[in-house]
Every structure is written in C-alpha cells, then in structure tokens.
Amino acid sequence: MLDSLEKGGFVFLAKQGGDVTRLEPLKRSALAIGGWTSVAWQKLGVMNFKEIYCGMLEGVLAFFYPPVCQICGTNRAMPEQGYVCLACVSKPGALRFIETGYCSRCGIPYDGAVERRFACSNCAGLNLEFDWARSSVVATPFVLDLARRYKYHGATWLQPLLKTWLLRVALVELDGTDWDWIVPVPMHNVRLRERGYNQAERLGVGLSFGTGITLNTKLLRRVKATPTQTTLNRRERMHNMADAFAVLPKAVIRGKRVLIVDDVLTTGATTSGCAKVLRRAGALSVGVWTLARGK
Ligand SMILES: [Zn+2]
Ligand SMILES: [Zn+2]
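Everything in this summary refers to the structure shown in the same document. (Residues numbered from 1 in each chain as written. Chains lettered and ligands numbered in written order. Predicted model: local features only at pLDDT ≥ 70, side-chain atom pairs only at ≥ 80, totals over all residues.)

**What to know about helix H9 (residues 234–241)**
Line of reasoning, step 1. Of the positions making up H9, those classed as buried are Arg237, Met238 and Met241. The arc that holds every buried residue of H9, seen down its axis, measures 100°, which confines them to one face.
Line of reasoning, step 2. Its buried side turned inward, H9 meets helix H10 (269–280). (Buried ≥ 20, exposed ≤ 12 C-beta atoms within 10 Å, placed from the backbone. Helix = DSSP H or I, 4+ residues; strand = E, 2+ residues; numbered from the N terminus. Arc of directions from axis to C-beta. Contact = placed C-beta atoms within 7 Å.)

What follows is the structure, encoded as structure tokens:
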C-alpha cells in the first residue's frame, strides 16, 4: 500500500521534472503522506482531488525543505515569490512589463520608447473579434518557460509570482473601467480532468480579487478539444478556434461588458474565438487581458 502511494508521489514529482530516484528517505516519506491524503480525499468524493493533492504535497514538502529557487536551484526564494529568486527574475531580457509602446488593438509590444498608442499592421489583416487585447508582460523565453510549467506541469507554486506580474499592469489600466465580468478562457472537460485545474481561471481569480470585477465561469464552454496549435500558421489557428467555444444555455450576455482572461496571447485566435460567441450573444464590449504577450 505504502509502496503504491509512494509511486503516486513519484509520478507527481516526475511530471514536474524532478529526479525521484535521488530522493532522501525523509522526502520519500513526505511523498507517501501526500499520496495517502490524496487517496483519502478521493474516497471522500472530492472532485478536484488532483489540485488538493498537489497543494497538500507542496505543503508537506515545504515543511521539510528550505525554500529554494526552482529555476537556478541555488538562491533562496520564498513561496510568495513563486519559488523564483530575484536574481533569476532580474536577468537581462527575462522580464519586461508592457506599460508603454504597444498596439492599441492587439496589444503587441514594440521595441523602443514609443509613448503614444497606435494600431499596428500585425493585426490589420486578422479578423479579431475582440475590441482590444492587452497583456502585462512580454512572453520572453523565461516567462514562457514559467507559463508552460504552470499550465502543463502542475507548477501551481508559481501562482503568486504570475499573479503579481499580471496585476502590476492590469490594476493601473483597469482602474475606473466598468467591466461586468471577468471570463477565463474555458478548458474542454477532457483536458480539465487530465490537468486538474484551468490556469486561465486561476489567473482570473487573481485579477477579479485585485480589481473587484466579478469572475464569471458560467458563460462559456469549450466544445472542441483542440490539439496543440504550434504547427499551425496564423490563419489556420484562427480557423481552428473559430468554432471551439459556445455560450452556455442559461447565460444572459446581452448588453454586458466582458473581459476575457488567459495566460498567453500569441495570435489571438483563442481569445478571438471566445469573443466571437460572446458578441453573437449580444455582448456590448469584449476586451482581453493576458498575463503574457507573444509574437
Ligand atoms: Zn534563481
Ligand atoms: Zn496590433
């Protein structure tokens, strides 16, 4: 029994890129406890047990281990820093906030000190369905690495850091605006069961808490479990996502101002797919806010 529970913990660590074969006995015991508690919660019928499992396991491990940066593995980094040290965040080119010099329509940042707002040729040829999109930080390789760990590898310990970045720009820009709802990009049920949580929803909770705008997860659902889009070009992505979302039957959207939230915006195909169905349902305005903006 204990052996199988330990294996459960090992799978969890392995998924996060950890080397389970080199763990000390104390850490293995902590994993066993984490495994046991997750099974107990599962037996109690808690639906989202994977998330609870991750959270409890993190808690147990944090008790036994000093907080160390999960990127460089040497410097001290606290939970509220998302276990990423200041030295890693401060490396040249790692982190850039998008506060000036961006396209007023699609939010793509421009190099250099462009103070005024302007529209770009990047989005002119695309049929974007939202009014505008903005992001808090540039999707540098460093940011994309963290976003990928957060999204695909259960690295929920990154959350405090990512929310801090998200809010630093969003709180200034959204101050005094009159959005009715923050709507996270929904995940398909199959994907949600696999992953255990929706990273867009978690970021949406943070944005809602910071801005006071109500979070609404009862408007949209994802009807198409789209495969990865990395091999598709811009237009193919737009086409792929055009019918990926639907409005839930009882949702009343007419006349509402909706702010869609996601982790990374690259072509805008995903958020534009959401905006399309919201507009058809009568949304008055649809904006987009993402943590990071790629090119
Ligand atoms: Zn570090
Ligand atoms: Zn643009």
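**A word on the packing of helix H6 (residues 159–174) against helix H8 (residues 199–211)**
Line of reasoning, step 1. At a minimum axis distance of 9 Å, the contact between H6 and H8 shows a crossing angle of 45°. Taken as axis vectors, H6 and H8 run oblique relative to one another. Considering how the two elements wind past one another, H6 and H8 form a crossing that is right-handed. Across the interface between the two elements, Gln159, Leu162, Lys163, Leu166, Leu167, Ala170, Leu171 and Leu174 from H6 touch Arg202, Leu203, Gly206, Leu207, Gly210 and Thr211 from H8.
Line of reasoning, step 2. Residues belonging to the contact of H6 with H8 are distributed by class as follows: eight nonpolar, four polar and two charged. (Axes fitted to C-alpha atoms, helices over the stretch in contact; angles between N-to-C directions. Parallel < 35°, antiparallel > 145°, perpendicular 65-115°, else oblique. Left-handed = near helix turned anticlockwise from the far one by under 90°. Nonpolar A, V, L, I, M, F, W, Y, C, P; charged D, E, K, R; others polar.)

**Some details on the sheet that holds strand S3 (residues 214–215)**
Line of reasoning, step 1. Read from one edge to the other, the open sheet built from five strands follows the order S1-S7-S6-S2-S3, with strand pairing classed as parallel. Pairing within the sheet leaves two strands with one partner each, and these edge strands are strand S1 (132–138) and S3.
Line of reasoning, step 2. Bridge count for strand S6 (residues 257–265) against strand S7 (residues 285–293) is eight bridges, and the pairing is parallel. Bridge assignment links arginine 257 to a residue of S7, and that residue is serine 285.
Line of reasoning, step 3. Each of S1 and S7 touches H6; the most contacted strand, S1, lies at about 135° to it. (Pairing = 2+ DSSP bridges.)

**Examining the pairing of S7**
Line of reasoning, step 1. The buried count for S7 comes to eight of nine residues, which makes it a mostly enclosed element.
Line of reasoning, step 2. Where S1 and S7 come together, six bridges link them in parallel fashion. In the sheet register, alanine 133 faces S7, and the bridge partner there is valine 288.
Line of reasoning, step 3. In terms of handedness, the path from S6 via H10 over to S7 forms a crossover that is right-handed. (Right-handed = clockwise from strand over helix to strand, strands pointing away.)

**Some words on unusual backbone geometry**
Line of reasoning, step 1. Although it is not a glycine, tyrosine 83 adopts a positive phi angle of roughly 55°.
Line of reasoning, step 2. Relative to the helices and strands, tyrosine 83 resides in the loop between helix H3 (49–64) and helix H4 (86–89).

**Here's the deal with the packing of H9 against H10**
Line of reasoning, step 1. In contact at an axis separation of 8 Å, H9 and H10 are set at 35° when each is read in the N-to-C sense. Crossing hand, H9 versus H10: right-handed. Counting all contacts with H9, which are made through Arg237, Met238, Asn240 and Met241, the residues of H10 involved are Ala269, Thr270, Ser272 and Gly273.
Line of reasoning, step 2. The residue inventory of the contact of H9 with H10, partitioned by class, reads three nonpolar, four polar and one charged.

**Concerning the environment of threonine 74**
Line of reasoning, step 1. Following the sequence through the fold, threonine 74 ends up in the loop between H3 and H4.
Line of reasoning, step 2. When the C-alpha atoms of threonine 74 and cysteine 85 are compared, they prove to be 9.0 Å apart, with eleven residues separating the residues in sequence.

**Some words on the nonpolar core**
Line of reasoning, step 1. Counting residues in each nonpolar core, the largest one holds 62 residues, and the members touching the most others are Val183, Leu259, Ile260, Val261 and Leu291.
Line of reasoning, step 2. Ranked by residue count, the leading element in this core is S6, at six residues.
Line of reasoning, step 3. When neighbours within four sequence positions are excluded, isoleucine 260 is seen to be in contact with Phe130, Val183, Val185, Thr271, Cys274, Ala275, Val286 and Val288. (Core = buried A, V, L, I, M, F, W, Y, C linked by C-beta atoms within 7 Å.)

**Overview of the environment of asparagine 127**
Line of reasoning, step 1. Topologically, asparagine 127 is positioned in the loop between H4 and S1.
Line of reasoning, step 2. In the structure, asparagine 127 is positioned 111 residues away from methionine 238 in sequence and 8.5 Å away in space, judged by C-alpha atoms.

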